[in-house]
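Below are the chains, spelled out letter by letter.
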Amino acid sequence: MSKKIHKQIHQQDRRRTIKTLGVAAGVGLVSKYSPSLFPRAYAASEPIKIGAQFHRTGIGASYGRWYERTAAAAVKLINDEGGINGRPIELIVEDDGTDPKRGAEVVEKFATQHKVDVAYGTLFSHVVIGSSPRAGELKLPYIVVSEGHHVASGKLNRYVFQPGITDVKSQVISMAPWVAGNLGKKVTMIFPDFAFGHDHRDYFSTAIAQQGGEVLELIAIPPTETSFTRYFPRVPKDTEVLYHVMVGPGVLTFVKEMGQHFGSKRPEIFGFIDSLEAVDLATPQLEFLEGTYFWEGNPRYAQANQTEYDKFFRAAVGVDGNGASLSDPKDVSTYAHMFGCWETLFIIKQAMEACGYNSAADRPAFIEAMEALTTFEESRNHPQGSKVFNPQIHQSFGHQYISKVEGQRLNVVQKTSIEDGMYEPEGDYTKMAL
Amino acid sequence: MDFGPFLFLATLEGLVQAAVLCLIALGLSLVFGVMRVVNVAHGEFYMLGAVLAWWITGWFAGNPAIGFVAAIIIGPLLVGVIAYFVERLILRKVEYDPEATIVATIGILYIVQQLVLITFGPDARPVDTPFYFLIEFPWFGYSGYKLLVICAAIMLLLAVWYVITRTRLGLVMRATQYDRETAQNFGIAVNQVYAIVFATGAGLAAVAAVLIVPIQQAHYLMGRDPLLLSFIVVIIGGLGSIRGTLVAALIIGLSDGIISVFFSPTLAKMVSTLLVAMVLVFKPEGLFGSRSQL
Amino acid sequence: MSSEQAKSIFLHAGVLAGLFLLQFFLPEYHHLSVTRIMLLAVFAMGFNLLFGYTGLLSLGHAMFFAAGMYGAGLSAYHLGWSVPLSFMVGIACGVVLSLAIGLIALRTTGVAFMIVTLMFSQVAYLTIVYFTTYTRGDEGLVMPESARQFVLFGQQLSLTHPGTRYNLALMLLAIVMASVWLLVRGDFGRSLIAIRENEARTKMLGYNTFLIKLKVLVVSGTISASSGAGYALMFAYIGSSFATIQYSIDPLLYTLLGGAGTVLGPFLGTALMFYLIDITSEYTSAYLLVAGIVLVILVLFFPRGLLGAVRNRWFGWLP
């Protein structure tokens, strides 16, 4: 049986008492609302089922937990405000184990057992890529929040979208002008030696060259590495900017060892916050990060000019001004990415309402409605900022933030324009058959 | 950086890696040598040691050294106790059948891993170093704590060596390893020896974890790579040989670091793994073992 | 003996016929899942030939699965070769790799063999990552449209069609099951078991045990590769995660769960493990905890696997 929300309500207390514990807090959040809260008008109507494929276990579990919490908060808000076309959303969460094989199985399960209306996806690129052929062939819309370049590359299929978060190619390109203009033109890059790292390597190298800069050295770290010190000597002496991006549980080791190695004689350091996502900046030995810069998808620390929307978003998800959980200040969120889960659900709602979505038979109409979207204005539903959606490549382009570490917090020094991250589309999904 | 200092740094890093690896492998080797079983859950005992270290240091405010000292005493003890019960309740019941032990320990691997995930969450957890001291070489800075890790590993190694070769307990262990039935006939409680050896092996892995956790972080999936590496060390070194384990740990630790000076890192990993595999193929009894022990 | 043989043929043919009929009754989701289970069971059967019958425990079978997967996937992706041709390339890669690994690794025995295969498998995984330019490493590749359709015996087949996939997987399973069944019942099979029970004595009796082990390793690796090739082509994705240690441990689990040294054991183990994880994951994210507990219980009470227990207690004739 599916994990129906109603069922969860009944199970909630029992679960708490027997402490199955592993049931992520997000599910608890979903079950906080009860059907009696729905306005009468649609209390009896069938819910819209959204299958959520999240990393509950495996290497991506830190992200998955926050994705689940964010999604649960957005679902609650949408349902409190009348749902989609008057119908409540039922979020059915399945764990992909951060594994592409299980990811594909989960998509099959959504389509044929849970019989969801749309599937809604996950972070790690390999899970998205492994799942997408199954989504396409089962004709199940699969809307992901992954930041990978896979959707925009045109290599997936017409049923896969990424409207809620900018892809890595765009993120990287939009950093180059600022880095070249403010930090230096001679760059050394450190990145993981797999596809995600190679995307950074390729797109940034090209982008910095266009700014008149050059990459002095490329340092690829093997995926099984747990210790990084011996890679830092490869950084050439005349490096002006050290560009780093790391993912996985080893990230904190990486950043610490970078600090130890360079001591006070460091070049300018620019990193992607992926290197420190879900990590507290007040962690001992991260002091050396003072004065270094980070890309952020969404500023983790509430800024002086914080918008009403960001304030609302934080409160709804349960995150404080430092990007940590309200209930545990040591529990730091994946703030630079998880906004995408929030925004994507409102986009699904928008498209479903535009096409008068009724049942799975309307999926083609839903796809076309998604492809009719063009822009999203900064608003409560889009707290990260406005975005431009390119229907040909099913990808959104948004503002990016560059923040400086000052007093163990990140202060935004630059908000890039959407145009900074634009590139020529590499495919056209709209020409594919439905 | 010039070639010389680069090599020096790679060597230092290799030594740290070798020190930690040696401790983990020693635990595995003890279990392997005395009990003749493969403990696939060994890496999880290591992980448990690291996570417990994070948990225990969280009790103490103020000087991080206090928490660290508490962790290095309590953590391995707890892990040892858990391992003791695993041995009593499961391994003894399957009568140390090699295949059954592998399946049972795979089961234990999942159980420990998932219990840690449920209890402590999926995030990588940092532990503060007991002291912070940066050695400023002319070419680069190096963490003084890492040198302490090397020293601590050497001391522990000496202690284990002393226990095995110079004490009654060690004699009993060696007797059991050499010939289980004869040992039993001489009135040695083989079952008790097994339980103690298993607990000690897990405890050694936990000590290694507590030492490493201020350098790396505690994470519920961190047990896998050390498991593989320490397996390799144990086989290369030859079963039950402390000297072999030490030499093999040095070879593995250093080769990984130094080869990466010459090749691109991923290629270096491939080359060093292949080299070690070839050593095994052409000297399958290990460097210091005798063929009959396999 | 012959009546036992008849019983055995009847049982295995019955399982295959049952699987064929099942496709008309299975709900959609289980139809899709059984397709996967049959393919993975082929992998486990290949593994079992080496482990269950010959007593050689490889901890690196993921490399053979990956050889099939990448052989088939890369030739379909980069060269645009047809599905049957790509599948054959995958199998050929399995033959070549298992022959090469066998010639080297079979110089070792026991625990050293476990570790050597494990290390070679790690090298295979790193090789896939190292050539990210062609493989896209961990992200992997999606098979192109051209590799979703093909002509076999004059029939136009589409891999996007679940029925086609189901029956192709069943066909592969049937071929492998029949081959394994014939193999283990013949003289060759008896020599394998002789090696498992006492290699030194088998050698003394005049058998070239190295050659026998090499042969069975190649058959085992090739069967595993056929599973990998099938997996790549049917589910249209290849990625380096399939070459990780997890995919070397999985067939071991399936085999031990179902019963090592039985023809049907790996299939039964694969199916049980799949549904164990699938169902428990709906109730708790700690489904691997449940899997762990099941393994421990199994090993305490059914140390020879489920079919092994059945064989010991009731049906001694089970191959």
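What you see is a predicted model, and the numbers here were worked out from it, not measured in a lab. (Residues numbered from 1 in each chain as written. Chains lettered and ligands numbered in written order. Predicted model: local features only at pLDDT ≥ 70, side-chain atom pairs only at ≥ 80, totals over all residues. Heavy atoms only, no water.)

Re the overall build of chain B
Note the threshold: Secondary structure counts use DSSP, requiring at least four H or I residues in a row for a helix and at least two E residues in a row for a strand, with both numbered from the N terminus. The reference for a compact globule is 2.2 Å times residues^0.38; the radius of gyration itself is calculated from the C-alpha atoms. Between buried and exposed lies partly exposed: a residue is buried under 20% and exposed over 50% of the maximum accessible area for its type, with that area taken using a 1.4 Å probe on protein chains only. Any two residues whose heavy atoms approach within 4.5 Å at even a single point are treated as in contact. The protein chains shown are the only cover counted for residues, whose accessible areas, like all others here, come from Shrake-Rupley with a 1.4 Å probe. The charge count includes Lys and Arg as positive and Asp and Glu as negative, but it does not include His or the ends of the chains. For the purpose of locating charges, the reference atoms are NZ of Lys, CZ of Arg, CG of Asp and CD of Glu.
When its secondary structure is counted, chain B shows 11 helices and 2 strands. What you see in chain B, going N to C, is helices and strands ordered as α-α-α-α-β-β-α-α-α-α-α-α-α. Over its C-alpha atoms chain B spans a radius of gyration of 19 Å, differing by no more than 12% from the 19 Å that the globule rule assigns to 294 residues. Counting only C-alpha atoms and orienting by the principal axes, one finds that chain B spans roughly 60 × 50 × 35 Å. Looking at chain B as a whole, 62% of its 294 residues are labelled buried. At a minimum sequence separation of 6, the contacts of chain B that also span at least 24 residues come to 75%. Counting every atom, chain B has about 11200 Å² of accessible surface; 70% of that belongs to carbon and sulfur. Looking at charge distribution, chain B has the averaged site of its 15 positive side-chain charges lying 9 Å from that of its 15 negative ones.

Focus on the overall build of chain A
Within chain A one finds 12 helices and 15 strands. Taking all 434 residues of chain A together, 67% fall into the buried category. Within chain A, contacts between residues separated by at least 24 positions form 70% of all contacts whose residues are at least 6 apart in sequence.

Regarding the interface of chain C and chain A
Spelled out, the test is: Simply put, the buried area is the total loss of 1.4 Å probe accessible area from both parts when two parts are fitted together. Whenever Lys or Arg places a side-chain nitrogen within 4 Å of a carboxyl oxygen from Asp or Glu, that contact is recorded as a salt bridge.
On the chain A side, the residues contacting the 35 residues of chain C number 42 residues. Buried area between chain C and chain A, both sides added, is near 3400 Å², and the carbon and sulfur share of it is 52%. Linking chain C with chain A are 8 salt bridges. Across the pair aspartate 278 of chain C and arginine 102 of chain A runs a salt bridge whose closest N-O atoms are separated by 2.8 Å.

Observations concerning the interface of chain C and chain B
Rule in force here: Polar here means any residue outside two lists: the nonpolar Ala, Val, Leu, Ile, Met, Phe, Trp, Tyr, Cys and Pro, and the charged Asp, Glu, Lys and Arg; Gly therefore counts as polar.
Facing 35 residues of chain C, the contacting portion of chain B comprises 40 residues. Elements represented by at least two residues in the side of chain C that touches chain B include exactly helix H5 (110-130), helix H11 (246-258) and helix H13 (287-301) of chain C. No other element matches the 13 residues that H5 of chain C contributes to the side of chain C that touches chain B. For the side of chain C that touches chain B, the residue count by class is 27 nonpolar, 6 polar and 2 charged.

Quick look at the environment of phenylalanine 232 of chain A
Residue and element names in this part refer to chain A. Inspection of the secondary structure puts phenylalanine 232 in the loop between strand E7 (214-221) and strand E8 (241-244). As for phenylalanine 232 and glutamate 296, which are separated by 64 residues in sequence, their C-alpha atoms are 24 Å apart. Ignoring any residue separated from it by four or fewer positions in sequence, one finds phenylalanine 232 in contact with Ile190, Phe254, Glu257, Met258, His261 and Phe262.

Some remarks on the pairing of strand E10 (residues 293-296) of chain A
All names here are of chain A. Going by this rule: What makes two strands pair is DSSP finding at least two bridges between them.
Going residue by residue along E10, you find Tyr293 and Trp295 tucked away on one face and Phe294 and Glu296 tucked away on the opposite face as well. In this sheet, E10 lies alongside strand E9 (residues 268-272) in parallel orientation, the contact comprising 3 bridges. Bridging across to E10, phenylalanine 272 finds its partner in tryptophan 295. Where E10 meets strand E14 (residues 401-406), 4 bridges bridge the pair, whose relative direction is antiparallel. For tryptophan 295, the partnering residue across the bridge sits in E14 and is isoleucine 402.

Digging into the sheet that holds E10 of chain A
Residues and elements named next belong to chain A. For the record, the criterion: In this analysis an axis means a line fitted to C-alpha atoms, helices contributing only their contacting stretch, and an angle means the value between N-to-C directions, from 0 to 180 degrees.
Strand order in the open sheet made by the 7 strands is E7-E6-E8-E9-E10-E14-E15, with mixed pairing throughout. This sheet does not close on itself; its edge strands, each paired only once, are E7 and strand E15 (409-415). For this sheet the average axis-to-axis angle between neighbouring strands, irrespective of direction, equals 25°. Pairing between strand E6 (residues 186-192) and E8: 4 bridges, direction parallel.

So, the packing of helix H1 (residues 3-35) of chain B against helix H9 (residues 224-237) of chain B
Geometry of a packed helix pair, given as the angle between the helix axes and the separation of the axes. Residues and elements named next belong to chain B. Cut-off, in case you're wondering: By definition in this entry, angles of less than 35 degrees are roughly parallel, angles greater than 145 are roughly antiparallel, angles of 65 to 115 are roughly perpendicular, and the rest are oblique.
Running from N to C, H1 and H9 point in directions that differ by 70°, and their axes come no closer than 8 Å. Relative to H9, the element H1 lies roughly perpendicular. Along the contact surface, H1 presents Gln17, Leu21, Ile24, Ala25, Leu28, Ser29 and Phe32, while H9 presents Pro226, Leu229, Ser230, Phe231, Val233, Val234 and Ile235. Residues of the contact of H1 with H9, tallied by class, amount to 11 nonpolar, 3 polar and no charged.

Topic: helix H4 (residues 98-120) of chain B
Residues and elements named next belong to chain B. Note the following rule: For a helix, the expected span equals 1.5 Å multiplied by the number of residues minus one.
With 23 residues, H4 should reach 33 Å at 1.5 Å per residue; the first-to-last C-alpha distance of 32 Å fits that figure. Taken across its 23 residues, H4 has 19 buried, putting it largely inside the fold. Looking one or two residues beyond H4, the residue adopting positive phi is glycine 121, at roughly 85°.

Focus: the side chain of histidine 399 of chain A
Residue and element names in this part refer to chain A. Condition: Within 3.5 Å is the distance limit for a polar contact, defined as a pair of N or O atoms, with the added protein rule that one can donate a hydrogen and the other accept it, and that residues adjacent in sequence qualify only through two side-chain atoms.
Secondary-structure assignment places histidine 399 in the loop between strand E13 (395-398) and E14. Among the polar contacts made by the side chain of histidine 399, one reaches the side chain of serine 386 at a distance of 3.4 Å. Polar side-chain contacts of histidine 399 include one of 2.8 Å to the backbone oxygen of threonine 416. When residues no more than four places from it in sequence are discounted, the contact partners of histidine 399 are Gly297, Gln384, Ser386, Lys415, Thr416, Ser417 and Ile418.

A few points about the nonpolar core
Here is a general trend for soluble globular proteins: nonpolar side chains tend to be buried in one another's company. Note the cut-off: Working definition of a nonpolar core: buried Ala, Val, Leu, Ile, Met, Phe, Trp, Tyr and Cys residues. They are joined through side-chain atoms within 4.5 Å.
Core analysis: the largest hydrophobic core is formed by 297 residues, its most contacted members being Phe204, Phe270 and Leu276 of chain A, Met35 of chain B together with Leu173 of chain C. Once residues within four sequence positions are removed from consideration, phenylalanine 270 of chain A is found in contact with Met175, Val179, Leu183, Val241, Leu242, Tyr243, His244, Tyr293, Phe294, Trp295 and Ile402 of chain A. With 49 residues, the next largest nonpolar core counts Trp66, Val75, Leu123 and Met338 of chain A among its residues.

A word on the pattern of salt bridges
Evaluated as defined, the whole model comprises 34 salt bridges over all chains. Note that aspartate 199 of chain A is salt-bridged to arginine 136 of chain C, the shortest N-O span being 3.2 Å. Pair noted here: aspartate 199 of chain A is in helix H8 (residues 195-210) and arginine 136 of chain C is in the loop between helix H6 (132-135) and strand E1 (141-142), and the two residues belong to different chains. Using a relative accessible area of 3% as the deciding quantity, one classes aspartate 199 of chain A as buried. The exposure class of arginine 136 of chain C is partly exposed, given its relative accessible area of 24%. Residue glutamate 257 of chain A pairs with lysine 146 of chain B through a salt bridge whose shortest N-O separation is 3.2 Å. Highlighted residues: glutamate 257 of chain A in helix H9 (residues 251-262) and lysine 146 of chain B in helix H5 (residues 144-166), drawn from two different chains. The exposure class of glutamate 257 of chain A is buried, given its relative accessible area of 2%. According to the relative accessible area criterion, lysine 146 of chain B is buried, its value standing at 3%.

Considering a nonpolar patch on the surface
Residue and element names in this part refer to chain B. Formally: Patch membership is restricted to residues that have no salt bridge and whose relative accessible area is over 30%. Joining uses 9 Å for like charges and 5 Å for the nonpolar side chains Val, Leu, Ile, Met, Phe, Trp and Tyr.
Among the surface-exposed residues, Trp55, Trp59, Phe60, Ile66, Val69, Ile73, Ile74, Leu77 and Leu78 lie close enough to one another that they form a single nonpolar patch of about 830 Å² accessible area. It is helix H3 (residues 64-91) that contributes the most residues to the nonpolar patch, 6 residues altogether. Considering the arrangement of structural elements, one finds phenylalanine 60 in the loop between helix H2 (42-57) and H3. Its relative accessible area of 35% is what places phenylalanine 60 among the partly exposed residues.

A few points about the confidence of the model for chain A
Residues and elements named next belong to chain A. Rule in force here: Each residue gets a pLDDT score, which is the predictor's confidence in that residue and runs from 0 to 100.
Residues of chain A with pLDDT of at least 70 account for 90%, and the chain-wide mean is 85. In the model of chain A, helix H2 (residues 25-30) stands out as the element of lowest mean pLDDT, 40, in contrast to strand E4 (residues 142-143), which has the highest, 95. Under a pLDDT of 50 for its full length, residues 1-44 has, in the predicted model, 67 contacts with residues more than four places off or in other chains.

Some points on the packing of aromatic side chains
All names here are of chain C. To keep it simple, the criterion reads: Working definition: a ring pair exists when centres of Phe, Tyr or Trp rings (six-membered ring for Trp) sit within 6.5 Å. Plane angles under 30 degrees give stacked, over 60 give edge-to-face, the rest tilted.
Under the counting rule described, the total for this entry stands at 39 aromatic pairs over all chains. Taken together, a centroid distance of 5.6 Å and an interplanar angle of 55° make the contact between tyrosine 231 and phenylalanine 242 tilted. Placement of tyrosine 231 in helix H10 (residues 209-235) and of phenylalanine 242 in the loop between strand E4 (237-238) and H11 is noted, with a sequence separation of 11 residues between them. We classify tyrosine 231 as buried; its relative accessible area is 2%.

Some points on the domain arrangement of chain A
Residues and elements named next belong to chain A. Our working definition: Domain limits in this description derive from either an automatic procedure or a database domain assignment.
Taken domain by domain, chain A holds domain 1 (5-167 + 334-398 + 424-431) and domain 2 (170-305 + 400-421). Summing both sides of the interface, domain 1 and domain 2 together bury roughly 1800 Å²; the carbon and sulfur share of this comes to 52%. Considering only the surface of domain 1 that becomes buried against domain 2, Tyr335, Ala336 and Gln384 emerge as the three largest contributors, covering 29% of it. Connecting domain 1 to domain 2 are 0 salt bridges. Viewed at the interface, domain 2 and domain 1 are joined by 12 residue pairs in polar contact (both at pLDDT 80 or more).

Notes on the side chain of threonine 222 of chain C
Within the element layout of this structure, threonine 222 of chain C appears in helix H10. Those residues within four positions of threonine 222 of chain C in sequence are excluded, and the remaining contacts are Ile91, Gly94, Val95 and Ser98 of chain C.

Some words on the sheet that holds E13 of chain A
Note: strands within a sheet are paired through backbone hydrogen bonds, in either parallel or antiparallel orientation. Residue and element names in this part refer to chain A. Strand order in this open sheet of 8 strands is E2-E1-E3-E4-E5-E13-E12-E11, and the pairing throughout is mixed. Both edges of this open sheet fall to strand E2 (89-95) and strand E11 (375-376), since each of them pairs with a single strand only. Strand direction decides the pairing type here: strand E1 (residues 48-54) and E2, joined by 7 bridges, are parallel. Following the sheet pairing, lysine 49 is matched in E2 by glutamate 90. Of the strands in this sheet, strand E3 (118-120), E4, strand E5 (160-166) and strand E12 (387-390) are in contact with helix H12 (residues 363-371), which crosses E5 at around 35°.

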